[in-house]
Amino acid sequence: EVISSWDQKDSTSIQRRDLDFTSALLDDVAGMKIGIPRDYFDDGLDAEVRAAVLEAADILKERGAQVGWFDLGLVKYAVPAYYVIACAEASSNLARFDGVKYGYRTGEYEGLHHMYKKSRSEGFGLEVKRRIMLGSFVLSSGYYDAYYLKALKTRTLLKQEFDKAFSRYDVILGPTAPSTAPLGSSLEDPMKMYLGDIYTVSVNLVGLPGISVPCGVDPKGLPIGLQLIGDCFQEKKIIRAAYAFEQSGTYRRSPLACGAIE
């Protein structure tokens, strides 16, 4: 509620009347239609994550929600489309950080071009550089149509798939990530890191509200995330579903969860 008001100088904000989101904190999901995408439970999802998320779905069903399965087509293209678009945006937006007007400037340099190169080499981390290079590639002449434009078209088709789903369901339920938190450096295998976003990038890609709440723990005591996705400007529905699940107390009663929190 604090951050949702309209700013006339911000082109990304919208003027809305219904901003009383705390009114959605109701321990009641009776009659709510919840859809579970079959595509989110294919190979690659850890067994303990699958079990915990499906148990959460059963709890919401016991509390009065109508739970059903459906196919979310094209979702397998969400990760490649997202990273093509995100990297293109990173390449374009980070071009301003040249050490002249914005960002870090190296201490010693010889000439303007050397300052550009050294400032950006020292100022950006490995993952940022990787995304800038990939973004520059997909925006380059000869590859724009093949990659960036195709990714934009894929985003539109994926949005249409979500629109179909929300014509039948109030909320989409699934895992937040295919596994629990990775131990050690998550940047050692960039591809594995990118695939870890497989269930969450769709929200950012097509502009939908989503919420993640803990629903269990793995054998190491690490929390498992339950993700609830709503239609555009339907934040109250996911807040209501998340709050109702939280009030069930299932996660808090877990001995492992209590140990992990302590």
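On a predicted model such as this, the values are computed, not experimentally measured, just so you know. (Residues numbered from 1 in each chain as written. Predicted model: local features only at pLDDT ≥ 70, side-chain atom pairs only at ≥ 80, totals over all residues. Heavy atoms only, no water.)

## A word on the overall build of the protein chain
The line we're drawing: Note on conventions: DSSP H or I runs of at least 4 residues are helices, E runs of at least 2 residues are strands, and numbering of each starts at the N terminus. Note on classification: 1.4 Å probe, protein chains only; a residue is buried when its accessible area is under 20% of the maximum for its type, exposed when over 50%, partly exposed between these limits. Whether two residues are in contact is decided by their heavy atoms: any pair within 4.5 Å suffices. We score Asp and Glu as negative and Lys and Arg as positive, and we do not count His or the chain ends. Taken as the charge location is NZ of Lys, CZ of Arg, CG of Asp or CD of Glu.
For the protein chain, the count of helices and strands is 9 helices and 5 strands. Counting only C-alpha atoms and orienting by the principal axes, one finds that the protein chain spans roughly 70 × 40 × 35 Å. Here the protein chain, with 262 residues, has 37% of them falling under the buried criterion. Pairs at least 24 residues apart make up 72% of the contacts formed inside the protein chain by residues separated by at least 6 positions. Distance between charge centres in the protein chain, computed from 31 positive and 34 negative side chains, equals 5 Å.

## Comments concerning the pairing of strand β2 (residues 66-70)
Applied cut-off: In short, DSSP must find at least two bridges between two strands for them to pair. Assignment of crossover handedness uses the view with strands pointing away from the viewer, where a clockwise path from the first strand over the helix to the second indicates a right-handed crossover.
Pairing of strand β1 (residues 33-37) with β2, which is carried by 5 bridges, proceeds in the parallel orientation. Note that in β2 the partner of I36 across the bridge is W69. Regarding the hand of the β-α-β motif, the stretch spanning β1, helix α1 (residues 47-62) and β2 is right-handed.

## With respect to a nonpolar patch on the surface
Spelled out, the test is: Think of a patch as exposed residues, more than 30% relative accessible area, with no salt bridge, where like charges cluster within 9 Å and nonpolar side chains (Val, Leu, Ile, Met, Phe, Trp, Tyr) cluster within 5 Å. Each accessible area value is a Shrake-Rupley result obtained with a 1.4 Å probe; residue values ignore everything except the protein chains displayed when judging cover. A carboxyl oxygen of Asp or Glu within 4 Å of a side-chain nitrogen of Lys or Arg is what we treat as a salt bridge.
The grouping of L134, F137, Y143 and Y147 at the surface amounts to a nonpolar patch, some 350 Å² of accessible area in total. One can find Y143 in the loop between α4 (126-138) and α5 (144-166).

## Quick word on the nonpolar core
This is how it is decided: For the purposes of this section, nonpolar cores are sets of buried Ala, Val, Leu, Ile, Met, Phe, Trp, Tyr and Cys residues that join through side-chain atoms within 4.5 Å.
Ranked by internal contacts, the top residues of the largest apolar core, which has 56 residues, are Y40, F162, L173, C215, L226 and F245. Residues contacting L173, with those up to four places away along its chain left out, are I34, G35, I36, P37, V53, A57, L60, L226, Q227 and L228.

## Re the packing of helix α2 (residues 78-93) against α4
The angle between the axes and the distance between the axes are what describe a pair of packed helices. Short version of the rule: An axis is simply a line fitted to the C-alpha atoms; with a helix, the fit covers only the stretch in contact. Between two such axes, the angle follows the N-to-C directions and lies from 0 to 180 degrees. Angle categories: roughly parallel below 35 degrees, roughly antiparallel above 145, roughly perpendicular from 65 to 115, and oblique for all the rest. For this classification, the nonpolar set comprises Ala, Val, Leu, Ile, Met, Phe, Trp, Tyr, Cys and Pro, the charged set comprises Asp, Glu, Lys and Arg, and every other residue, Gly included, is treated as polar.
Put simply, α2 and α4 touch, their axes get as near as 7 Å, and they point 100° apart. Taken together, the axes of α2 and α4 are roughly perpendicular relative to one another. Across from Y83, V84, C87, A88 and S91 in α2, the residues of α4 making contact are R131, I132, L134, G135, S136 and V138. Its residues assigned to classes, the contact of α2 with α4 comprises 7 nonpolar, 3 polar and 1 charged.

## A look at the pairing of β1
Here β1 lies mainly inside the structure; 4 of its 5 residues are buried. Where β1 and strand β3 (residues 171-175) come together, 2 bridges link them in parallel fashion. Bridged to G35 within β3 is I172.

## Focus on the pattern of salt bridges
Using the criterion set out here, one finds 9 salt bridges in the structure. A salt bridge links K159 to D163, with the shortest nitrogen-to-oxygen separation between them at 2.8 Å. Of this pair, K159 and D163 both sit in helix α5, 4 residues apart, which is roughly one turn of the helix. Its relative accessible area of 35% is what places D163 among the partly exposed residues.

## Section: the packing of α2 against α5
Formally: Left-handed is the label given to a crossing in which the near helix is rotated counterclockwise from the far helix by less than a right angle, and right-handed is the label when the rotation is clockwise.
In the contact formed by α2 and α5, the axes pass within 9 Å of each other and the chain directions differ by 125°. Overall, the two elements α2 and α5 adopt an arrangement that is oblique. The handedness of the crossing between α2 and α5 comes out as left-handed. Contacts between α2 and α5 pair A78, A81, V84, I85 and A88 from the former with Y147, Y148, A151, L152, T154, R155 and L158 from the latter.

## Points about the side chain of Q227
Counted only if it meets this: Counting of polar contacts relies on pairs of N or O atoms within 3.5 Å, with two restrictions inside protein: one atom must be capable of donating a hydrogen and the other of accepting it, and residues adjacent in sequence are counted only when both atoms are side-chain atoms.
Along the chain, Q227 falls in strand β5 (residues 223-230). At a separation of 3.2 Å, a polar atom in the side chain of Q227 contacts the main-chain carbonyl oxygen of P175. For Q227, the side chain forms a polar contact with the main-chain oxygen of Y199, separated by 2.9 Å. Once you skip the residues sitting within four places of it in the chain, Q227 turns out to touch I172, L173, G174, P175, T176, Y199, T200, V203, I211 and S212.

## A few points about the confidence of the model for the protein chain
To keep it simple, the criterion reads: A residue's pLDDT is the confidence the predictor assigns to it, expressed on a 0 to 100 scale.
Taken as a whole, the protein chain shows an average pLDDT of 89; of its residues, 93% reach a score of 70 or greater. Confidence over residues 253-262 falls short of pLDDT 50; this stretch has 9 contacts with residues more than four positions distant or in other chains.

## A few points about the sheet that holds β1
The sheet built from 5 strands is open, its strands ordered β2-β1-β3-β5-β4 with mixed pairing. Either end of the sheet is taken by a strand with one partner, and the two such strands are β2 and β4 (210-217). Looking at each pair of strands side by side, their axes are set apart by 30° on average, direction ignored. With respect to the sheet, α5 is in contact with β2, β3 and β5, its orientation differing from that of β3 by roughly 115°.

## Section: α5
Quick reminder of the rule: Expected helix span is taken as 1.5 Å per residue step, with the number of steps being one fewer than the number of residues. The angle between axes fitted to the seven residues ending at a residue and the seven residues starting there is what we call the bend at that residue.
Between its first and last C-alpha, α5 extends 32 Å over 23 residues, near the 33 Å set by a 1.5 Å rise per residue. Taking the largest bend as the criterion, α5 deviates by roughly 30°, centred on K150. Those residues of α5 that fall on the buried side of the exposure criterion are Y148, A151, L152, T154, L158, E161, F162, A165 and F166.

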